[in-house]
Amino acid sequence: MAKVRVHELAKELGITSKDAVAKLQELGEFVRSASSTIEAPVVKKLRGAFRDAQEAKSTAPAKAPQPAPKAAAPKPAAAPVANDLPAESKAPAAPAEQAPAAPAFKTPEAPKAESGSGQPEGGTSETKPAPKPAAARPAPARPGADRTGAPRPGNNPFATSQGMPRGGRGDGDRSGGPRPGNNPFATSQGMPRPGGRRDDERGGQRPAAGAGGPRPAAGAGGPRPGAPRPGAPRPGAPRPGGARPTPGMMPNRTERPAAPGRGGAPGGAPRRGPGGGPGGGGGAPVGGGFGKGGRGRGGTAGAFGKGGAGRGKQRKSKRAKRQELEQMSAPSLGGVSVPRGDGSTVIRLRRGSSITEFAEKIDANPAALVTVLFHLGEMATATQSLDEGTFEVLGAELGYKIQVVSPEDEERELLENFDIDLDAELDAEGDAQLEARPPVVTVMGHVDHGKTRLLDAIRKSNVVAGEHGGITQHIGAYQIDHEHEGDNRPITFIDTPGHEAFTAMRARGAKVTDIAVLVVAADDGVMPQTVEALNHAQAANVPIVVAVNKIDKEGANPDKVKGQLTEYGLVPEEYGGETMFVHVSALKGDGIDELLEAVLLTADAALDMRANPNKDARGIAIEANLDKGRGAVATVLVQSGTLNVGDTIVAGVAHGRVRAMFNEDGDNVSEAGPSRPVQVLGLSTVPRAGDTFLVTPDERTGRQIAEKREAADRNAALAKRRKRVSLEDFDQAVAEGKVDTLNLILKGDVSGAVEALEDSLLKIDVGEGVALRVIHRGVGAITQNDVNLATVDNAIIIGFNVRPAERVAELADREGVDLRFYTVIYAAIDDIELALKGMLKPEFEEAQLGTAEIREVFRSSKFGNIAGSIVRSGVIRRNSKARLIRDGVVVGDNLTVESLRRFKDDATEVRTDFECGIGLGSFNDVKEGDIVETYEMREKPRV
Ligand SMILES: Nc1nc2c(ncn2[C@@H]2O[C@H](COP(=O)(O)OP(=O)(O)OP(=O)(O)O)[C@@H](O)[C@H]2O)c(=O)[nH]1
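Calculation rules
- Residues numbered from 1 in each chain as written.
- Predicted model: local features only at pLDDT ≥ 70, side-chain atom pairs only at ≥ 80, totals over all residues.
- Helix = DSSP H or I, 4+ residues; strand = E, 2+ residues; numbered from the N terminus.
- Buried ≥ 20, exposed ≤ 12 C-beta atoms within 10 Å, placed from the backbone.
- Near = placed C-beta within 6 Å.
- Nonpolar A, V, L, I, M, F, W, Y, C, P; charged D, E, K, R; others polar.
- Axes fitted to C-alpha atoms, helices over the stretch in contact; angles between N-to-C directions.
- Parallel < 35°, antiparallel > 145°, perpendicular 65-115°, else oblique.
- Left-handed = near helix turned anticlockwise from the far one by under 90°.
- Contact = placed C-beta atoms within 7 Å.
- Pairing = 2+ DSSP bridges.
- Core = buried A, V, L, I, M, F, W, Y, C linked by C-beta atoms within 7 Å.
- Domains from an automatic or database assignment.
- pLDDT = per-residue confidence, 0-100.
- Expected span 1.5 Å × (residues − 1).
- Arc of directions from axis to C-beta.

Engineer: Before we go on, may I ask you to explain the overall build of the protein in this structure?
Structural biologist: From N to C terminus, the protein includes 29 helices and 34 strands. Evaluated residue by residue, the protein yields a buried proportion of 49% over its 943 residues.

In structure tokens, the structure reads:
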């Protein structure tokens, strides 16, 4: 059963959402907000509570029912209804027993006026909430019936006070009014109010049994998913008659409209009887026998007899149906009905959400959405995570704007659950709290332009290195001191050169770097990765300092570099721009001081390099690994606050207490302030580069945050699996406009092979509209960094005579990155060429599964000929492909083992030397002595 939201129920009960939430809390049920969903038992509890409250309030008036309280209904919506009231319905209240089960519909707008006021049946039935006057028109009185306008009982499965009216009440009990709550599409209908139920109860009546009525919200709002289509039988056929006197609630049936023709059999009549009406919803009170008693499966008409009342009912029913049609959203793709948005309704979904979650947000039936998606050309199950693009397509089709919550938003929302609001914390910090902090620098550039060498040279330039004998440890980042205008100014360098690490961190929403040093070899000039690196930095709004390296080399042309970079918006100061260019020789150590100077000047000029050191630490994990002796070892960069040994922290999905901290010299440190990188011991697991870390008030909070992140990651991973590009579907991705470039990462065993492969690949005639780009190449195993880069740039990794490093294949699988391995260069080139031309299809090869010899043929009229066989080799599997061989000649091919039995039992597989019966579907030409050979098609690995 679909869950009900608090505000829906509140509306139905005629109270404010706030009151409902408060009441629920009073009842010990925790709900977060008015839009929270609540389970059926809680719904029941709240109804009960309000009923009791209202009962207390309304005892006196209930005993003295007032005629036509309708007129008091303040809302204009109800007015036409009141005016329309037929004489009978305006009549004063019938004695209680005449209105046994009237669940007293009240307009939601006037709950107080009506609650417990002892509605006369006619009045109550006619005063259901009626946003649409047409829908609120009362059903004409049924001839010969002393029925009043009371709604038929028993069609509200949610009303605890409902049940079958006790025997002896028949027509007389019923009013001619429409049944309450039995049309899930009619906005004008409402479910019975607690007050109304009170009336019922006071009357000692229990409405009919376990009706499969619509959810309460159906009455209050628009159509609900899962509601019957127009023309379908009315939902909620109660089991009438004496069959079940008071079955009470059967809420789980409420989602399902009664099957056509399966209406309630009135009056204890056999369920299958003559004259069953077409509809399904008829339910009659016990002892019924109104209309034509003994009717069997009755519909609406059937339940009410075939008299004028029946016709009246039918007319009503048609009108209702028409209304349903109008109110229902136009059937969308696949012929299913899904509530549509107006094109601007924004639906926020978490990354990795499934159709079910989307369905819940728009109150749709997940199965209907699956159908819609299928007709849009995407196959997915209701619980499968979808990527953003797929949601967008689905949302656009249905008139919703889908907003997939970004990792940053998600993180923010997650922390909000723990009362941690980092943005507010930062906003609250003013000059009084903020203190200067060192800049954090990343070195980027094209391959072999000297990044590593430059980082080494900078390390050596550390003015305080002497006393420690230089920086000895690689921990992912280091801090040096540089003498600047008479002061020692610390600068933090991220020790992993290249923009891969930078982008990997950025992909997780982490902003680590304040300044990027772009290394360009003066002898080589601007190269593709130079451009890529500067694009990455500019995209992240990070100021750039250019290190024109290798100026010691012959043929070095720094001016050419300056000219080239100007085209990319990096204009040197001497040309009137703002970018500082420094000539360096990483090899000789020349120009390093000037470079550091430039970094500090740029930082001072462009950035507010301040943070509050006097609070719990917040920062980013830079690097982490699992050490055999020490467990998880993570290098974190503190961004604000101060990290102390003994603090409890959470970093990504890792959590724990800081056991010890080390700096880049391997020295123990007890605290680390802003911009300080430290190695931390004590985490439960290894965080990823770019994961945020923060100090938590206690270990429990840390663990809970970690667990929530883990769950979110799992969902996201599922979504990613469907997302990335593979060689086989590259052409499709191009056709869909998802990509226009085939990005490749080449890894090989020797550099010569990698170069040869790259050269050959770049010579491929890729044709119009698509491009081929080698975004990274290198020697050695495929690493985590390669996969990270492939993730960010949607690249395919080509491994030539190399394999992935430990756990990397797993990571690639998780991230949906296509890894390809080749041992022959031409095979790789062929594949890429075919992929670019959209012709690379997976290759399959046949793999034999087993053979069986036919010993006897059994003829079955039902299954055709069954080959009684003995398995001679391998295994025979049901549903596998098969061919039939007679005297060495194939007499039947492309067959399927459609049935497989061991004696009388179905079997999924039968092994060598066992007997079995094989059915080959409609292929009946089987003879004794024939051989059934089974096989399956397996994807052929490319080499
Ligand atoms: N002559 C000269 N050679 C340099 C200089 N800087 C680096 N090299 C050389 O250039 C080559 C590449 O230097 P790396 O520091 O490994 O370059 P990288 O950018 O880190 O390369 P990848 O890690 O492969 O991306 C090495 O052989 C260095 O010795 C320099 O200033 N002058």
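Engineer: How should I be thinking about the site of the ligand in this particular structure?
Structural biologist: Inspection of the region around the ligand gives 17 residues, with G450, K451, T452, R453 and L587 positioned closest. It is helix α18 (residues 451-460) that contributes the most residues to the shell around the ligand, three residues altogether. Residue composition of the shell around the ligand, grouped by class: four nonpolar, seven polar and six charged.

Engineer: Before we go on, may I ask you to explain the packing of helix α26 (residues 751-763) against helix α29 (residues 825-836) in this structure?
Structural biologist: Helix packing geometry: the angle between the two helix axes and the distance between the axes. Two numbers describe how α26 lies on α29: the axes approach to 10 Å, and their chain directions differ by 30°. If you check the angle between α26 and α29, you find them roughly parallel. For the element pair α26 and α29, the recorded crossing hand is right-handed. Mapping the contact onto sequence places A756, L757, S760 and L761 in α26 and I825, A828, I829 and I832 in α29. A per-class count over the contact of α26 with α29 returns seven nonpolar, one polar and no charged.

Engineer: Can you help me understand the packing of helix α1 (residues 6-13) against helix α2 (residues 17-26) in this one?
Structural biologist: Their axes nearest at 8 Å, the elements α1 and α2 cross at an angle of 110°. Judged by the inter-axis angle, α1 sits roughly perpendicular to α2. Facing α1, whose interface residues are V6, H7, L9, A10 and L13, α2 presents S17, D19, A20, V21 and L24.

Engineer: Just to check I follow, could you spell out the sheet that holds strand β6 (residues 440-445) for this structure?
Structural biologist: The strand order across the open sheet formed by six strands is β7-β8-β6-β9-β10-β11, and the pairing between neighbours is mixed. The open sheet terminates on both sides in strands that have one partner only, identified here as β7 (477-484) and β11 (580-583). On average, each strand axis in the sheet is tilted by 30° relative to the strand beside it, whichever way the strands run. Strand direction decides the pairing type here: strand β10 (residues 544-549) and β11, joined by four bridges, are parallel. The residue of β11 that forms the bridge with V546 is F581. Those strands touched by α18 are β6, β7, β8 (487-494), β9 (515-521) and β10, and its axis lies near 150° from that of β6.

Engineer: Looking at this structure, how should I read the nonpolar core?
Structural biologist: One finds L518, A547, V599 and V636 to be the most contacted residues of the largest nonpolar core, which totals 81 residues. Looking at which domains feed residues into this core, each of domain 3 (440-608) and domain 4 (611-721) gives three or more. Discounting residues that sit within four places of it in the chain, V599 has contacts with P439, V441, I491, I515, V517 and V545.

Engineer: Looking at this model, I keep getting lost on the confidence of the model for the protein. Mind explaining?
Structural biologist: Summing up the model confidence of the protein, the mean pLDDT is 70 and the portion of residues at 70 or higher is 63%. Taking the mean pLDDT of every element in the protein, the minimum, 34, falls on helix α11 (residues 300-304) and the maximum, 96, on strand β15 (residues 643-644). Counted against residues more than four places away or in other chains, residues 465-469, with its pLDDT under 50, gives four contacts. Overall fold confidence (pTM) sits at 0.46, and the ipTM for the predicted complex is 0.98.

Engineer: Please clarify how the sheet that holds strand β25 (residues 819-822) should be interpreted in this entry.
Structural biologist: Two orientations exist for strands paired in a sheet by backbone hydrogen bonds: parallel and antiparallel. An order of β23-β22-β24-β25 is seen for the four strands of this open sheet, with the pairing classed as parallel. Of all strands in the sheet, those with a lone pairing partner are β23 (771-779) and β25, marking the two edges. Between one strand axis and the next, the sheet turns through 25° on average, direction left out of account. Across six bridges, strand β22 (residues 741-748) lies against strand β24 (residues 795-800) in parallel orientation. The partner of L744 across the bridge, within β24, is I796.

Engineer: Whenever I open this one, the environment of V599 confuses me. Can you help?
Structural biologist: Considering the arrangement of structural elements, one finds V599 in helix α23 (residues 592-606). As for V599 and V517, which are separated by 82 residues in sequence, their C-alpha atoms are 8.0 Å apart.

Engineer: Honestly, the environment of E833 in this entry has me stumped. Any pointers?
Structural biologist: Structurally, the position occupied by E833 is in helix α29. For E833, a count of 17 C-beta atoms within 10 Å translates into the label partly exposed. As for E833 and L761, which are separated by 72 residues in sequence, their C-alpha atoms are 8.2 Å apart.

Engineer: Is there a simple way to think about α29 in this case?
Structural biologist: A turn of α-helix holds 3.6 residues, and therefore any two residues three or four places apart point the same way. An ideal rise of 1.5 Å per residue puts 16 Å on 12 residues; α29 measures up with 17 Å between its terminal C-alpha atoms. Those residues of α29 that sit buried are A828, I832, A835 and L836. Buried residues of α29 fall within an arc of 100° about the axis and therefore sit on the same side.

Engineer: Is there a simple way to explain α1 in this structure?
Structural biologist: For α1, the tally of buried residues reaches eight of eight residues, placing the bulk of the element in the interior. All buried positions along α1 are accounted for by V6, H7, E8, L9, A10, K11, E12 and L13. The positive-phi residue at the C-terminal boundary of α1 is G14, with phi of around 75°.

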